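Chain and residue survey
For reference, the chains in residue letters:
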Amino acid sequence: MAGEAVPETWRAAIEPVLALPASRKLGGFLSAEEAAGKRIYPPRGQRLRALELTPLDQVRVVILGQDPYHGAGQAHGLCFSVQDGVRVPPSLVNIYKEIASDLGLERPAHGNLEKWARQGVLLLNNALTVEEGRAGSHQNMGWEAITDAAVAAVAAREEPTVFLLWGSHARNKAARVPGLQQGPHLVLTAPHPSPLSAHSGWFGSRHFSQANAFLEQHGRGAIDWSL
């Protein structure tokens, strides 16, 4: 994919997938969409940001999203995260509410989650691009094989890792990873934090305290979820 360099620690997992026809088709699709004048988010150079900020050997927690925000200036390559100065989206508001309830932390005024990513929280969407104003428009265009490979690479490691699966989309993606449920990892599931589903079990799930307890128990250190 033009303009997107795979970070070194992820190359062994990702580059074989990039050689497949589906990935080459994805590159052609993105180039054609941009040539047609369509606005694609996030912009080139930020689409593998989750992998850049969270090297494979440092992943402690995996959070799976669906696709990037489709409004101008929002997406910057991390699921659920928006750039500084952008209004905090509703799902992230609910994430913050659960963190406040679970850990007693103050709700942040911004939606930039880079601090989490730099601590080993892989904030990975299923599709890594979207057309402006069209949620889900780049699903099934080739990104899935690439992001599946990233999740599988984490699951294959011996280091105990926490997988936070919110909503059926995340659960379905994790189900494609062989042996994830049987490995040394902690897999926690809950409804999506969207306002449409958060009241059906997202609130009160206490995933953040459970994740930290597991990481500390296995000598990997707690995540500082404050922002």
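As annotated in an unreviewed UniProt entry, the chain carries the name Uracil-DNA glycosylase and comes from Novosphingobium anseongense. In its Catalytic activity (unreviewed entry) section, the UniProt entry covering the chain states "Hydrolyzes single-stranded DNA or mismatched double-stranded DNA and polynucleotides, releasing free uracil." Heading Sequence similarities (unreviewed entry) of the UniProt record for the chain holds this comment: "Belongs to the uracil-DNA glycosylase (UDG) superfamily. UNG family."

Take the sheet that holds strand β5 (residues 162–166) next. Strand order across the open sheet formed by four strands is β3-β2-β5-β6, with parallel pairing between neighbours. Strands at the two margins of the open sheet, each flanked by one partner only, are β3 (121–125) and β6 (186–190). For this sheet, the mean inter-axis angle between neighbouring strands, taken without regard to orientation, is 20°. Judged from the five bridges that link them, β5 and β6 form a sheet pairing that is parallel.

Okay, the UniProt feature "domain: Uracil-DNA glycosylase-like" (unreviewed entry) in the chain next. UniProt annotation of "domain: Uracil-DNA glycosylase-like" (unreviewed entry) refers to residues 52–215 when read in the numbering used here. The annotated region residues 52–215 carries 31% helix and 13% strand content, and the separation between its end C-alpha atoms amounts to 22 Å.

Further remarks concern unusual backbone geometry. The omega torsion of the bond from Tyr-41 to Pro-42 falls at -15°, within 30 degrees of zero and hence cis. Mapping Pro-42 onto the fold places it in the loop between β1 (40–41) and α3 (49–53). If you check the backbone angles, Phe-80 has positive phi at about 70° while not being a glycine. When you line up the elements, Phe-80 lands in the loop between β2 (61–65) and α4 (90–103). Positive phi, close to 55°, is recorded for Arg-206, a residue that is not glycine.

Mapped onto this structure's residue numbering, the UniProt feature "active site" (unreviewed entry) falls at Asp-67. In this fold, Asp-67 is placed in the loop between β2 and α4. A distance of 2.5 Å separates the side chain of Asp-67 from the backbone nitrogen of Gly-136, its partner in a polar contact.

This paragraph deals with helix α8 (residues 207–217). Residues His-207, Phe-208, Ala-211, Asn-212, Phe-214 and Leu-215 constitute the buried set of α8. The arc that holds the buried residues of α8, viewed along the axis, is 160°, so those residues lie on one side. Of the exposed residues in α8, those oriented more than 90 degrees away from the buried face are Glu-216 and Gln-217. Looking at the buried positions of α8, the neighbouring elements they touch are β2, α4, β5 and β6. In the segment just after α8, Gly-219 is the residue with positive phi, at about 70°.

Taken N-terminus to C-terminus, the directions of helix α1 (residues 11–18) and helix α6 (residues 143–155) make an angle of 155°; their axes are 9 Å apart at the nearest point. On the basis of the axis angle, α1 is roughly antiparallel to α6. With respect to the hand of their crossing, α1 and α6 are arranged in right-handed fashion. Residues Ala-13, Ile-14, Val-17 and Leu-18 of α1 form the contact with α6, whose participating residues are Ala-145, Ile-146, Ala-149, Ala-150 and Ala-153. Of the residues contributing to the contact of α1 with α6, the split by class is nine nonpolar, no polar and no charged.

Rules used throughout
- Residues numbered from 1 in each chain as written.
- Predicted model: local features only at pLDDT ≥ 70, side-chain atom pairs only at ≥ 80, totals over all residues.
- Heavy atoms only, no water.
- UniProt positions renumbered as here; feature names shortened; annotations may be inferred.
- Pairing = 2+ DSSP bridges.
- Helix = DSSP H or I, 4+ residues; strand = E, 2+ residues; numbered from the N terminus.
- Axes fitted to C-alpha atoms, helices over the stretch in contact; angles between N-to-C directions.
- Polar contact = N/O pair within 3.5 Å; in protein donor to acceptor, adjacent residues only side chain to side chain.
- Buried < 20%, exposed > 50% of the residue type's maximum accessible area, 1.4 Å probe, protein only.
- Arc of directions from axis to C-beta.
- Contact = heavy atoms within 4.5 Å.
- Parallel < 35°, antiparallel > 145°, perpendicular 65-115°, else oblique.
- Left-handed = near helix turned anticlockwise from the far one by under 90°.
- Nonpolar A, V, L, I, M, F, W, Y, C, P; charged D, E, K, R; others polar.

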